[in-house]
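Secondary and tertiary structure notes
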Amino acid sequence: MIDIQHGFSKSYAQAREKFLNAAQNAGLQVDSNIHPLPGRDGETLAMDVVLDGAADAQQLLIISSACHGVEGYCGSGVQIHALHNHAWRAAAKAQGVAVLYIHALNPHGFSHVRRVTHENVDINRNFQDFSKPLPSNEAYREIHPLLLPEVWPPDAANAAATGQYIAERGMKAFQAAVSQGQHEFPDGLFFGGQAPTWSNLTLRKVLQKYAQSCQKMAWIDLHTGLGPSGVGERIFACADDASAFARAKTWWGQGITSIYDGSSTSAFLTGLMWMAAYQECPQAEYTGIAMEYGTQTQDKVIGALRGEHWLHLHPEAPEALKKQIKQDLMDAFYVDTDTWRSQIVAQAMDAMHQAIHGLSAT
């Protein structure tokens, strides 16, 4: 095992180096899917994949990070800690479970400290059937001009209009309007895209390569930004299926929440990434959760996202403002304290152990 700080990183390049070194130290091969663009500092970007276990294992657990770029500062740390944890690796092997680590689903966002991809797309809204009409988000259309004002920080008029919307509709309705996902405004927040992204297509290839033999599949996708600081909400990450929900509760506890019944801090979403598990691995019984770790209050998180999207549209912004906006986004999705990091790792490892017990149960 390693100390709590060592698994976490200050940049994507450092996180990738630590992940590759952890895999090498564990005697595992790395399959690197290279991104077409360079990182913030000119570094190579990749969706790196490591399989710890037999290629033909009947039970497979997927641990993935950085679906939402900047959230990779948390998820990568969990993956690196797991690869250094000999007791964890031995437990998975003893249960006959292979573990597939997918490091940096969205390496571009991770590197550039953005939540979205280089296409300005939220991956977790991008797994749609693009041959059919895409979902409409009329509530987002109404507030799009408010979310991305001409100046940042927002002027008094914008702040008043936004405050009035929240006062009249409520914070939950505001969060849902913003975060549900939309396919109408390519420069907007939570844009789901109008075609599959690089990350979408690459993840599907990974599933086709590594998840065709398993009969049971579990998936823990690591996220940050919702809920009380340091608390890992276990959000049901499957189709709206009662038997899968019951199975997830058996594995991960009765406290598991769902977007389908309104119990989750997350709004109801479509185009979810883990739907690819059904599409690419129909032979497997699939059970998954998103581990959603809290950081700051919801208004601060949404404000940080608004600011970063504004900056993307205004690259001419002064350097001091650029730096502050990027720091605000980091603070919204990663709490730079050992207490928070310890909470993250402990809860993730607990959920991972529960997953291998669930997978191996008859």
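What comes next concerns the included structure. (Residues numbered from 1 in each chain as written. Predicted model: local features only at pLDDT ≥ 70, side-chain atom pairs only at ≥ 80, totals over all residues. Heavy atoms only, no water.)

With that out of the way, let us pick up the overall build of the chain. A count of helical and extended segments in the chain gives 13 helices and 7 strands. Its C-alpha atoms give the chain a radius of gyration of 20 Å, within 12% of the compact-globule value 21 Å for 362 residues. Based on the C-alpha atoms only, the size of the chain along its principal axes is roughly 60 × 45 × 40 Å. Where the 26 positive side-chain charges of the chain centre and where its 36 negative ones centre are 3 Å apart. (Helix = DSSP H or I, 4+ residues; strand = E, 2+ residues; numbered from the N terminus. Rg over C-alpha atoms; globule rule 2.2 N^0.38 Å. Lys, Arg positive; Asp, Glu negative; His and termini not counted. Charge placed at Lys NZ, Arg CZ, Asp CG, Glu CD.)

Below, the discussion takes up the environment of Val50. Summarising the element assignment, Val50 is placed in strand β2 (residues 46–52). Judged by its relative accessible area of 0%, Val50 falls in the buried class. In this structure, the C-alpha to C-alpha distance between Val50 and Tyr101, residues 51 residues apart in sequence, is 5.2 Å. Residues in contact with Val50, not counting those within four places in the same chain, are Phe19, Ala23, Leu28, Gln29, Val30, Val99, Leu100 and Tyr101. (Buried < 20%, exposed > 50% of the residue type's maximum accessible area, 1.4 Å probe, protein only. Contact = heavy atoms within 4.5 Å.)

What follows is about the packing of aromatic side chains. When we look at a pair of aromatic rings, we describe it by the centre distance and by the angle of the planes. The final tally for this structure, using the stated rule, is 13 aromatic pairs. Ring plane angle 50° and centroid distance 4.8 Å describe the contact between Phe236 and Phe245, whose orientation is recorded as tilted. Side by side, Phe236 and Phe245 carry an identical accessibility label, which is buried. Seen in terms of ring centroids, Tyr278 and Tyr286 are 5.3 Å apart; in terms of plane orientation they differ by 85°. Their pairing is edge-to-face. Given a relative accessible area of 31%, Tyr278 falls into the partly exposed group. (Phe/Tyr/Trp six-rings, centres within 6.5 Å; stacked < 30°, edge-to-face > 60°.)

This part takes up helix α5 (residues 138–147). Residues of α5 that are buried include every one of Tyr140, Ile143, His144, Leu146 and Leu147, and no others. Buried residues in α5, looked at end-on, bunch into an arc of 165°, giving them a common side. Exposed residues on α5 whose side chains face more than 90 degrees from its buried face are Glu138 and Pro145. (Arc of directions from axis to C-beta.)

Next up on the list: the pattern of salt bridges. The full count for this structure, using the stated rule, is 19 salt bridges. With a shortest N-O distance of 3.0 Å, Asp31 and Lys209 are connected by a salt bridge. Of the two residues, Asp31 sits in strand β1 (residues 30–34) while Lys209 sits in helix α8 (residues 198–210), which places them 178 residues apart along the sequence. Relative accessible area serves as the criterion here: at 55%, Lys209 is assigned to the exposed category. Among the ionic contacts, a cluster of salt bridges with common partners joins Lys10, Asp336, Asp338 and Arg341. (Salt bridge = Lys/Arg side-chain N within 4 Å of Asp/Glu carboxyl O.)

Another point: the nonpolar core. Grouped together as the largest cluster of nonpolar side chains are 112 residues, with contacts concentrated most on Leu61, Trp88 and Ile220. Here this core gets 10 residues from one element, more than from any other, and that element is helix α13 (residues 338–360). If we skip the residues at most four places from it in the chain, Ile220 touches Leu61, Ile62, Ile63, Ser64, Trp252, Ile289, Met291, Ala351, Met352 and Ala355. Residues Trp152, Trp310, Ala317 and Leu321 belong to the second largest nonpolar core, which totals 6 residues. (Core = buried A, V, L, I, M, F, W, Y, C linked by side-chain atoms within 4.5 Å.)

Here we take up the sheet that holds strand β4 (residues 97–103). Read from one edge of the open sheet, 7 strands run β1-β2-β4-β3-β5-β7-β6, paired in mixed fashion. The sheet is open, and its two borders are formed by β1 and β6 (232–236), each paired with just one other strand. Recorded for the sheet is a direction-independent mean angle of 20° between the axes of neighbouring strands. Sheet topology places strand β3 (residues 59–64) next to β4; 6 bridges connect them, and they run parallel. The residue of β4 that forms the bridge with Ile62 is Leu100. Contacts between α8 and the sheet are confined to β1, β2, β3, β4 and β5 (216–229), with β2 contributing the most and set at about 20° to the helix. (Pairing = 2+ DSSP bridges. Axes fitted to C-alpha atoms, helices over the stretch in contact; angles between N-to-C directions.)

This part covers the packing of helix α3 (residues 86–94) against α13. Two elements in contact, α3 and α13, have axes separated by 9 Å at closest approach and are oriented at 15°. With respect to α13, the element α3 is oriented roughly parallel. Along this stretch, α3 crosses α13, giving a crossing that reads as left-handed. Of the residues in α13, those in contact with Trp88, Ala91 and Ala92 of α3 are Met349, Met352, His353 and Ile356. (Parallel < 35°, antiparallel > 145°, perpendicular 65-115°, else oblique. Left-handed = near helix turned anticlockwise from the far one by under 90°.)

A few words now on α13. Residues separated by three or four positions in an α-helix point in the same direction, a consequence of the helix having 3.6 residues per turn. Relative to the 33 Å expected for 23 residues at 1.5 Å per residue, α13 spans 33 Å between its end C-alpha atoms, a close match to the ideal helical length. Burial in α13 covers these residues: Trp340, Arg341, Ile344, Val345, Ala348, Met349, Ala351, Met352, Ala355, Ile356, Gly358 and Leu359. (Expected span 1.5 Å × (residues − 1).)

This model, assessed by the stated rule, comprises 0 disulfides. In this structure Cys74 is a free cysteine whose sulfur lies 13 Å from that of Cys67, the closest cysteine sulfur available. Not part of a disulfide, Cys238 finds its nearest cysteine sulfur in Cys281, a span of 13 Å. Given a relative accessible area of 1%, Cys238 falls into the buried group. (Disulfide = S-S within 2.5 Å.)

The next subject is unusual backbone geometry. Residue Pro153 is bonded to the preceding Trp152 through a cis peptide linkage, with omega at 0°. Its identity as a non-glycine residue notwithstanding, Ala66 has a phi of 60°, on the positive side. Of the residues examined, Ala66 reaches a relative accessible area of 0% and is grouped as buried. The backbone phi angle of Asn120 is positive, close to 65°, even though this residue is not glycine. Positionally, Asn120 belongs in the loop between α4 (107–112) and α5.

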